[in-house]
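# Secondary and tertiary structure notes
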Amino acid sequence: MEDPAARFRAAIERRELAALEELFTEDIRFHSPVTFAPFEGRPMVLGLFGVLLRTFEDFRYVGDFEGTARTGSDGDETPSAVLIFRATVRGREIHGMDLLHFDQRGRIREFTVMVRPRSAVEVLGQAVLDGLTADGLVPARPATP
């Protein structure tokens, strides 16, 4: 079986949203740098990735690490990977990492994104919110005076 992190990376680099569906568990949790609560469930996370694939410009992975992590209260170790990336969003350069935790079948069950610098996080957050709203995945916020 091909390395699950490599399969994910290849799907992102090819910008193939459909290829991601089989890589995610039904109950995947996606932890974003711009929201406190995670995005949950395959349909919502796939919708989010549709927005991300349109939002990131010049996205590229520049490094990776694989190993295990203790992700639950039981102390069990889970296969995990870290993918380091660079991208641009609305003219801001972003440095970030994707932290992936896999289930026993090699599917991604938990996904955490870390991004820097803060100014890039703010621009990314607004761009993603705009995309989620445009796609009907979150309600539009009323305009404030």
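Residues numbered from 1 in each chain as written. Predicted model: local features only at pLDDT ≥ 70, side-chain atom pairs only at ≥ 80, totals over all residues. Heavy atoms only, no water.

## Digging into the sheet that holds strand E5 (residues 92-102)
Defined as follows: Any two strands with at least two DSSP-identified bridges between them are counted as paired. Helix numbering and strand numbering both begin at the N terminus, where a helix is a DSSP run of H or I of at least 4 residues and a strand a DSSP run of E of at least 2. Should any heavy atoms of two residues lie within 4.5 Å, those residues are counted as being in contact. Axes, fitted as lines to C-alpha atoms, cover a helix only where it is in contact. Angles between the N-to-C directions of the axes lie from 0 to 180 degrees.
Here six strands make up an open sheet; going across it, the order is E2-E1-E6-E5-E4-E3 and the pairing mixed. Strand pairing shows two members of the sheet lacking a second neighbour, strand E2 (39-40) and strand E3 (57-70), which therefore form its edges. By the bridge criterion, eleven bridges tie E3 to strand E4 (residues 77-89) in an arrangement that is antiparallel. Each residue of the ladder has a partner; that of Glu57, found in E4, is Thr88. Contacts from helix H3 (residues 42-55) reach strand E1 (24-31), E2, E3, E4 and strand E6 (108-116) within the one sheet, and its direction differs from that of E1 by about 55°. Relative to E5, helix H4 (residues 118-134) is tilted by about 70°, and along the sheet it contacts E2, E4, E5 and E6.

## Concerning the packing of aromatic side chains
Each aromatic ring pair is described using two quantities: the centre-to-centre distance and the angle formed by the ring planes. Where we set the bar: Only rings of Phe, Tyr and Trp enter the pairing, Trp through its six-membered ring, and a pair is recorded when the two centres are within 6.5 Å. The plane angle decides the type: under 30 degrees is stacked, over 60 is edge-to-face, the rest tilted. Each residue's exposure class comes from its accessible area (1.4 Å probe, protein chains only) as a fraction of the maximum for that residue type: buried when under 20%, exposed when over 50%, partly exposed otherwise.
Using the criterion set out here, one finds twelve aromatic pairs in the structure. The interplanar angle of 40° and the centroid separation of 5.5 Å between the aromatic rings of Phe24 and Phe49 together place this pair among those described as tilted. Placement of the pair is Phe24 in strand E1 and Phe49 in helix H3, with a sequence separation of 25 residues. Phe49 shares its class with Phe24; the two are buried. Here the aromatic rings of Phe30 and Phe49 are separated by 5.7 Å at their centres, their planes lie at 85°, and the arrangement is edge-to-face. Separated by 19 residues along the polypeptide, Phe30 in strand E1 and Phe49 in helix H3 bring together distant segments of the chain. Taken individually, Phe30 and Phe49 each receive the classification buried, so the pair is uniform in this respect. The rings of Phe8, Phe24, Phe30, Phe39, Phe49 and Phe111 are connected pair by pair, giving a single aromatic cluster.

## Considering helix H1 (residues 4-13)
Residues three or four positions apart in an α-helix share a direction because the helix packs 3.6 residues into each turn. For clarity, the cut-off: The directions from the helix axis to the C-beta atoms are what the arc is built from.
Three or more residues of H1 are buried, namely Pro4, Ala5, Arg7, Phe8, Ala11 and Ile12. All buried residues of H1 fall inside an arc of 160° around its axis, so they share one side. Of the residues one or two after H1, Arg15 is the one with positive phi, at around 60°.

## Describing the nonpolar core
As a reminder, the rule being used: Throughout this description, the term nonpolar core refers to a set of buried Ala, Val, Leu, Ile, Met, Phe, Trp, Tyr and Cys residues connected via side-chain atoms within 4.5 Å.
Grouped together as the largest cluster of nonpolar side chains are 38 residues, with contacts concentrated most on Phe8, Leu20, Phe24, Phe30 and Phe49. Contributing elements (two or more residues each) for this core: H1, E1, H3, E4, E5, E6 and H4. Not counting residues within four places of it along the chain, the set of residues in contact with Phe24 comprises Phe8, Arg42, Val45, Leu46, Phe49, Arg107 and Ile108.

## Topic: the layout of surface pockets
Note the cut-off: Put simply, the grid is 1 Å and covers the protein atoms alone, a cavity is a trapped set of points that fit a 1.4 Å probe, a pocket is an open set with protein on both sides within 12 Å along at least five of seven lines, and lining residues have an atom within 4 Å of a point. Grid points are joined across faces, edges and corners, and a volume is the space filled by probe spheres set on the points.
One number sums up the size of the largest pocket: a volume of about 420 Å³. Breaking the lining of the largest pocket down by element, the ones donating at least two residues are H1, H3, E3, E6 and H4. Per-element tally for the lining of the largest pocket: the top contributor is H4, with six residues.

## Considering unusual backbone geometry
Across the chain, the bulk of peptide bonds are trans and the bulk of non-glycine residues have phi less than zero. Residue Arg116 is joined to Pro117 through a cis peptide bond whose omega torsion reads -5°. The phi dihedral of Asp58 is positive, around 50°, even though this residue is not glycine. With respect to the helices, strands and loops of the structure, Asp58 is situated in strand E3. In this structure Asp58 comes out as exposed when scored by relative accessible area, which is 53%.

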